[in-house]
Amino acid sequence: QVQLVESGGGLVQPGGSLRLSCAASGSISNFVIMGWYRQAPGEQRELVAGITSGGSTDYADSVKGRFTVSGDNVKNTMYLQMNSLKSEDTAVYYCHGRTGAGRNYWGQGTQVTVSS
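Residues numbered from 1 in each chain as written. Predicted model: local features only at pLDDT ≥ 70, side-chain atom pairs only at ≥ 80, totals over all residues. Heavy atoms only, no water.

A.B. asks: Is there a simple way to think about the nonpolar core in this case?
C.D. replies: In globular proteins that are soluble, nonpolar side chains generally tend to be buried together. Grouped together as the largest cluster of nonpolar side chains are 29 residues, with contacts concentrated most on Leu 4, Met 34, Trp 36, Leu 80, Met 82 and Tyr 93. Where this core is concerned, the elements lending two or more residues are β3 (18–24), β4 (31–39), β5 (46–52), β7 (67–72), β8 (77–82), β9 (91–99) and β11 (110–114). (Core = buried A, V, L, I, M, F, W, Y, C linked by side-chain atoms within 4.5 Å. Buried < 20%, exposed > 50% of the residue type's maximum accessible area, 1.4 Å probe, protein only. Helix = DSSP H or I, 4+ residues; strand = E, 2+ residues; numbered from the N terminus.)

A.B. asks: Where do I start with the state of the cysteines in this structure?
C.D. replies: Think of a disulfide as a covalent bridge from one cysteine sulfur atom to another cysteine sulfur atom. Applying the stated criterion across every chain yields a total of one disulfide. Residue pairing for Cys 22: its cysteine sulfur links by disulfide to Cys 95, the two sulfurs lying 1.9 Å apart. Given an S-S torsion of about -65 degrees, the disulfide between Cys 22 and Cys 95 has left-handed geometry. Here Cys 22 is found in strand β3, whereas its partner Cys 95 is found in strand β9, with 73 residues between them in sequence. Like Cys 22, the residue Cys 95 is buried in the burial classification. (Disulfide = S-S within 2.5 Å.)

A.B. asks: It is not clear to me how the side chain of Thr 77 should be interpreted in this structure. Could you clarify?
C.D. replies: Mapped onto the elements of the fold, Thr 77 is located in strand β8. Take Thr 77: its relative accessible area is 9%, and that puts it in the buried class. Among the polar contacts listed, one links the side chain of Thr 77 to the backbone oxygen of Lys 75, at a separation of 2.9 Å. With residues near it in sequence (within four places) discarded, Thr 77 still touches Ser 21, Cys 22, Ala 23, Ile 28, Ser 70, Gly 71 and Asp 72. (Polar contact = N/O pair within 3.5 Å; in protein donor to acceptor, adjacent residues only side chain to side chain. Contact = heavy atoms within 4.5 Å.)

A.B. asks: Please explain the pairing of strand β1 (residues 4–7) as it appears in this structure.
C.D. replies: Regular strands show a simple pattern: their side chains alternate between the two faces of the sheet. Here β1 shows one buried face, formed by Leu 4 and Glu 6, and one open face, formed by Val 5 and Ser 7. Sheet topology note: the β1/β3 ladder contains four bridges and is antiparallel. Across the sheet, residue Ser 7 finds its bridge partner in β3, namely Ser 21. (Pairing = 2+ DSSP bridges.)

A.B. asks: Would you mind going over the environment of His 96 with me for this structure?
C.D. replies: Secondary-structure assignment places His 96 in strand β9. Spatially, the C-alpha atoms of His 96 and Gly 107 are 6.5 Å apart, while their sequence positions differ by eleven residues. With sequence-adjacent residues up to four places away left out, His 96 is seen in contact with Leu 4, Ile 33, Met 34, Gly 35, Tyr 37, Met 78, Asn 104, Tyr 105 and Trp 106. Engagement of the side chain of His 96 in a polar contact is seen with the side chain of Asn 104, the distance being 2.8 Å.

Structure, rendered in structure tokens:
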């Protein structure tokens with residue numbers, strides 16, 4: 001059973017940066033796709049950024065040019081570098097991974113709060 005554990009969330013001022021990490025208990029190469037989702041209070045969970053096992057990436061329009069998703073197969077960790085943060089980026093951020101067999105794994109979430 002693979003576990004995903006997020007870290008790196010916190011309170012940051014508008015315009016600031018944070019880097020989220022998603023550490024997998026097993027090899028992230030087991031996942032054909034991984035991604036970061038977020039959920040703000042009263043809102044549905046939305047996809048923020050995704051990365052395939054081949055290294056292709058995709059982003060929500062709202063974060064393009066500001067966020068960067070990457071993976072480290074040696075450290076079995078996925079990252080989300082978030083720059084130029086805005087108040088509307090405030091949410092709980094979740095790590096997700098899907099295996100080739102179609103099994104989905106989720107982390108427990110990490111809170112990101114952008115406020116002055």
